[in-house]
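Read off the chains here:
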Amino acid sequence: MIQPANRTQSIQEYYFSVKLKEIAQMNMGEVKVLNLGIGDPDMSPSEETWNSLREACFHPKSHGYQSYQGIPALREGFSKWYKTYFNVDLNPANEILPLMGSKEGIMITSLAYLNEGDEVLIPDPSYPTYKSVTNLLGGKIVSYPLSESKNWQPDFVSLEKRDLSKVKIMWINYPHMPTGARATKELLENIVAFGKKHKILIVNDNPYSFILNNEPLSILSIDGAKDCCLELNSLSKSHNMPGWRVGMIGGNPKMLEPILKVKTNMDSGMFYPVQQAAIKALSQDQTWYDSINKVYQKRRELVFQLLDLIKCKPSADQSGMFVWASIPDKYEDCYKLSDEILQKTKVFITPGGIFGDQGKKYIRISLCSSESVFKEAIERIKRN
Ligand SMILES: Cc1ncc(COP(=O)(O)O)c(C=O)c1O
């Protein structure tokens, strides 16, 4: 048997990959599992986006390799989008690098900046990829706990008490997944000041700004942010295009340079029609976001009803495509509750502990199912 690299021992199969196999097994029975777990947008991209994709397929060069930096019109599209919705100026020539989603961005940014043994500040709870990428690259995870009592914001007093001399990157993610917490301008100002003071690269992973959130906020809108911050963004959630793999990283050209260097050695530009379709998606006006949010809003009301039935309390004022809620005291942890509901009612709800220890007393419900699915889930729970 040929031995895989040691680094593969530092990570485990993704929780959902394992859980989906269990759900597939349960689905062999008569009653199918209602999966309220995964944040995979079920609504379609806009018709104009599809049309643009179709038309671009017939371009004589559509099959060819594309520029590592994306076609200029895509960078211009991102630049206008940032100006319109975040009031941030990003020069399309050198302050925007299109990517195949934020997930690629997490890996290539880490490859570009982390040496073995460098420390990385990672929020707990958070998107598991920050940790797994850090582990894969031999970085050292330094978790910083977020708690409901502090509105899921970093506690700078305790962060300042640590030895921060080896910290290279700090991941932040506002609007925050899984808690749905938003950043305030003041919070982002504090984070920028913290990054500058300790010479830490701050990366804001920002894919949820357009979902159930009236005020998209970019860290790059803060004075001086371009000195130490980068921002990832993505069309996966904002434009219902998760499988199309379109995202970007923005910031100071000098800081993007090493990332581009890594990218040019790892992959090539995206399929031309996907880039054209992304340009169209990015040019849509506010009515697009409003129409999507109207649907999520209705779904969220049903999720609140469901949570009430199982005595879970959602934290107030959430953004993004999930609802995060604390579990009743009688349950030792979220896994017990999630498993009990799955076994009794065949409704799957994500246990918050998969996002870190601070999530153990919480669950997360995705809004990516139709109203009829939520109604059916409510009925099943009422019957049990
Ligand atoms: C916080 C966060 N960042 C990044 C991603 C990945 O997004 P993309 O599809 O752009 O790679 C997700 C997806 O679930 C996410 O929740």
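Cut-offs and rules
- Residues numbered from 1 in each chain as written.
- Predicted model: local features only at pLDDT ≥ 70, side-chain atom pairs only at ≥ 80, totals over all residues.
- Heavy atoms only, no water.
- UniProt positions renumbered as here; feature names shortened; annotations may be inferred.
- Helix = DSSP H or I, 4+ residues; strand = E, 2+ residues; numbered from the N terminus.
- Near = heavy atom within 4 Å.
- Polar contact = N/O pair within 3.5 Å; in protein donor to acceptor, adjacent residues only side chain to side chain.
- Areas by Shrake-Rupley, 256 points an atom, 1.4 Å probe, with all protein chains shown as cover.
- Nonpolar A, V, L, I, M, F, W, Y, C, P; charged D, E, K, R; others polar.
- Buried < 20%, exposed > 50% of the residue type's maximum accessible area, 1.4 Å probe, protein only.
- Pairing = 2+ DSSP bridges.
- Axes fitted to C-alpha atoms, helices over the stretch in contact; angles between N-to-C directions.
- Parallel < 35°, antiparallel > 145°, perpendicular 65-115°, else oblique.
- Left-handed = near helix turned anticlockwise from the far one by under 90°.
- Contact = heavy atoms within 4.5 Å.
- Core = buried A, V, L, I, M, F, W, Y, C linked by side-chain atoms within 4.5 Å.
- Domains from an automatic or database assignment.
- Phe/Tyr/Trp six-rings, centres within 6.5 Å; stacked < 30°, edge-to-face > 60°.
- Lys NZ or Arg CZ within 6 Å of the ring centre and 35° of its normal.

This part covers the UniProt feature "domain: Aminotransferase class I/classII large" (unreviewed entry) in the protein chain. Here, UniProt's "domain: Aminotransferase class I/classII large" (unreviewed entry) annotation points to residues 32-381. Helix makes up 41% of residues 32-381 and strand 16%, whereas the separation of the span's terminal C-alpha atoms amounts to 14 Å.

With that settled, the discussion passes to the site of the ligand. Neighbouring the ligand are 14 residues; D205, Y208, S234, S236 and R245 lie closest to it. Here S102 contributes a backbone N or O atom positioned 2.7 Å from an oxygen atom of the ligand. Contact between the ligand and K103: an oxygen atom at 2.9 Å from a main-chain N or O atom of the residue. Burial of the ligand by the surrounding chains reaches 91%, relative to a free accessible area of 390 Å². The dominant element in the shell around the ligand, judged by the number of residues it contributes, is helix α4 (residues 101-113), at three residues. Here the shell around the ligand is composed, by residue class, of five nonpolar, five polar and four charged.

This part takes up the pairing of strand β7 (residues 229-234). Among the six residues in β7, six count as buried, and that is most of the element. The side-chain alternation of β7 yields two buried faces, one formed by C229, E231 and N233 and the other by L230, L232 and S234. Note that strand β6 (residues 201-205) and β7 share four bridges and pair parallel. Looking at the pairing, D205 lines up with L232 of β7. Alignment of β7 against strand β8 (residues 247-251), held across five bridges, turns out to be antiparallel. Within β8, the residue paired with S234 across the bridge is G247.

Take the packing of helix α3 (residues 72-86) against helix α10 (residues 272-282) next. At their nearest, the axes of α3 and α10 sit 9 Å apart, and the two run at 20 degrees to each other. It follows that α3 is roughly parallel to α10 by the angle criterion. Of the two elements, α3 crosses α10, and the hand of that crossing is left-handed. When α3 is examined against α10, the residues A73, L74, G77, F78 and W81 are found in contact with a partner set consisting of Q275, A278, I279 and L282. For the contact of α3 with α10, the class distribution of residues is seven nonpolar, two polar and no charged.

The next subject is the sheet that holds strand β12 (residues 350-351). Spatial ordering of the open sheet is given by β9-β10-β13-β12, a layout of four strands whose pairing is antiparallel. On the outer flanks of this sheet lie β9 (313-314) and β12, each paired with one strand and no other. When strand β10 (residues 322-326) meets strand β13 (residues 362-366), the two strands line up antiparallel, connected through five bridges. Note on β13: the bridge partner recorded for S326 is Y362.

Bringing the environment of V142 into the picture now. Relative to the assigned elements, V142 resides in strand β4 (residues 140-145). Sequence separation of V142 and M170 is 28 residues, and the distance between their C-alpha atoms is 9.3 Å. Every residue in contact with V142, bar those within four places of it in the chain, is listed here: E119, V120, L121, I122 and R162.

Membership of the largest hydrophobic core comes to 121 residues, with the highest contact counts inside it found for L121 and I363. Counting residues per element, this core draws most heavily on helix α11 (residues 286-309), which supplies eight residues. Residue contributions to this core reach at least three from each of two domains, namely domain 1 (6-44 + 287-383) and domain 2 (61-282).

Here we take up the packing of aromatic side chains. The tally for this structure, following the rule as stated, stands at 19 aromatic pairs. Centroid distance W152 to W324: 6.1 Å. Interplanar angle 80 degrees. Geometry classified as edge-to-face. Separated by 172 residues along the polypeptide, W152 in the loop between β4 and α6 (156-161) and W324 in strand β10 bring together distant segments of the chain. Like W152, the residue W324 is buried in the burial classification. Between W324 and Y362 the ring centres are 5.0 Å apart and the planes differ by 5 degrees, which places this aromatic pair in the stacked class. Within this pair, whereas W324 is found in strand β10, its partner Y362 is found in strand β13, the two being separated by 38 residues in sequence. Taking the relative accessible area as the measure of exposure, W324 reaches 0% and is therefore buried. The structure contains a cluster of three or more aromatic residues connected by ring pairs, namely F78, W81, Y82, Y85, F86, F210 and Y289. One Lys or Arg, R364, reaches over the ring of F322 and ends 3.6 Å from the middle of that ring.

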